[in-house]
Number of protein chains: 2
Amino acid sequence: MQESTFLSPAYPHVTTSKRGDVFARNCPTRQLLDRVGDKWSILLLGMLGEGEMRFSALKRRVDGISQKMLAQTLRTLERDGLITRHVEPTVPVSVTYAITPLGRELLSALQWLIDWAETRMGAVAQAQVAYDLRMAD
Amino acid sequence: MQESTFLSPAYPHVTTSKRGDVFARNCPTRQLLDRVGDKWSILLLGMLGEGEMRFSALKRRVDGISQKMLAQTLRTLERDGLITRHVEPTVPVSVTYAITPLGRELLSALQWLIDWAETRMGAVAQAQVAYDLRMAD
DNA sequence: CCATCAGGTTTCTAATGGAAACCAGGTGTG
DNA sequence: CACACCTGGTTTCCATTAGAAACCTGATGG
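The following paragraphs examine the structure supplied in this document. (Residues numbered from 1 in each chain as written. Chains lettered and ligands numbered in written order. Predicted model: local features only at pLDDT ≥ 70, side-chain atom pairs only at ≥ 80, totals over all residues. Heavy atoms only, no water.)

Examining the sheet that holds strand β2 (residues 83-88) of chain A
Residue and element names in this part refer to chain A. Pairing within the open sheet is antiparallel, and its three strands lie in the order β1-β3-β2. Whereas interior strands pair on both sides, the edge strands pair on one side only; in this sheet they are β1 (53-54) and β2. By the bridge criterion, six bridges tie β2 to strand β3 (residues 94-99) in an arrangement that is antiparallel. Across the sheet, residue E88 finds its bridge partner in β3, namely S94. (Pairing = 2+ DSSP bridges. Helix = DSSP H or I, 4+ residues; strand = E, 2+ residues; numbered from the N terminus.)

So this is what it looks like as structure tokens:
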């Protein structure tokens, strides 16, 4: 578990776009986080990890997502090769989304995060209570 | 790697706040993502994983973060028990942040994500190029 | 002729993020 | 004495983004 590579300067072909600080801004971790570092991407990937699903099913099951963000996030995930989009020309049209092998790899990395959440979010909640008490002195 | 628990209804003590859909909105994964599902939290945790660091050092090394987001994100991480904040009454005052054992646990779960990013972001970039070509037909 | 379906897109508004200015309060400098 | 400078923030203002709700498309059934 090599911590030193956390912000490593790989992928030099990516243009720097801002004053010559190539190092941190373009490391792969930053690229990943800029792309799927939002909750909807992660939740959708998790949902599709359980099996392929249609647009409306995702909308129902991912509680609180707006239709706009659902469409937008799915498009990004598809562009990144993490999911596929299949249009069946029924009437009305039915569109099915499924996770790709690449997406499943990412999901299995995410699984450690999910497992941590399930076992340790209780401790986080406790820490919050303690903090709020300390601050309310 | 139990995928079925991805959105499990644990922590029923959390109030539902919206129309009775307790299931998805309050599962621990959602709670985690609502809290540290942004790139700055993850990047700061990664930085502090390399050793304790002062405010200004973090500002320099986490490229692109604004002073506001740095202060804000650090406060949230501290509240959640993932980092500590130590004020040394020198002059000018010096404030040091360090990761906690709980934070380090989370970071080691995140390490899988980081490793995935470093080995597979190339594939993601390729997928993007392919997608953009398909769409520009 | 109208409503209905899925799967979106558009529009408008509320919340969020970033840039830059400001602040506190103790120190050194002319 | 007046002033500038240090760290570690907070405040202000503006641009971007997310969310809610309305609209769109095109075939189909009543």
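Still more to cover.
A few points about the relation of the copies chain B and chain A
Note on the copies: chain B fits chain A at an RMSD of 0.0 Å, the axial shift is 0.0 Å, and the rotation between them is 180°. Classification of the inter-copy transformation places it as that of a two-fold axis. Interface residue correspondence from chain B to chain A reaches 100%, placing this contact among same-surface, isologous pairings. (Least-squares fit on C-alpha atoms with pLDDT ≥ 70 in both. Contact = heavy atoms within 4.5 Å.)

Let's talk about the pattern of salt bridges
Summed over all chains, the structure comprises 10 salt bridges over all chains. The salt bridge partner of K39 of chain A is D34 of chain B, with a shortest N-O separation of 3.1 Å. Placement of K39 of chain A in helix α3 (residues 39-49) and of D34 of chain B in helix α2 (residues 28-36) is noted, with the two residues assigned to different chains. For D34 of chain B, a relative accessible area of 47% gives the class partly exposed. D80 of chain B is the salt-bridge partner of R35 of chain B, the closest N and O atoms lying 3.5 Å from each other. Here R35 of chain B is found in helix α2, whereas its partner D80 of chain B is found in the loop between α5 (67-79) and β2 (83-88), with 45 residues between them in sequence. Residue D80 of chain B is classed as buried on the basis of its relative accessible area of 0%. (Salt bridge = Lys/Arg side-chain N within 4 Å of Asp/Glu carboxyl O. Buried < 20%, exposed > 50% of the residue type's maximum accessible area, 1.4 Å probe, protein only.)

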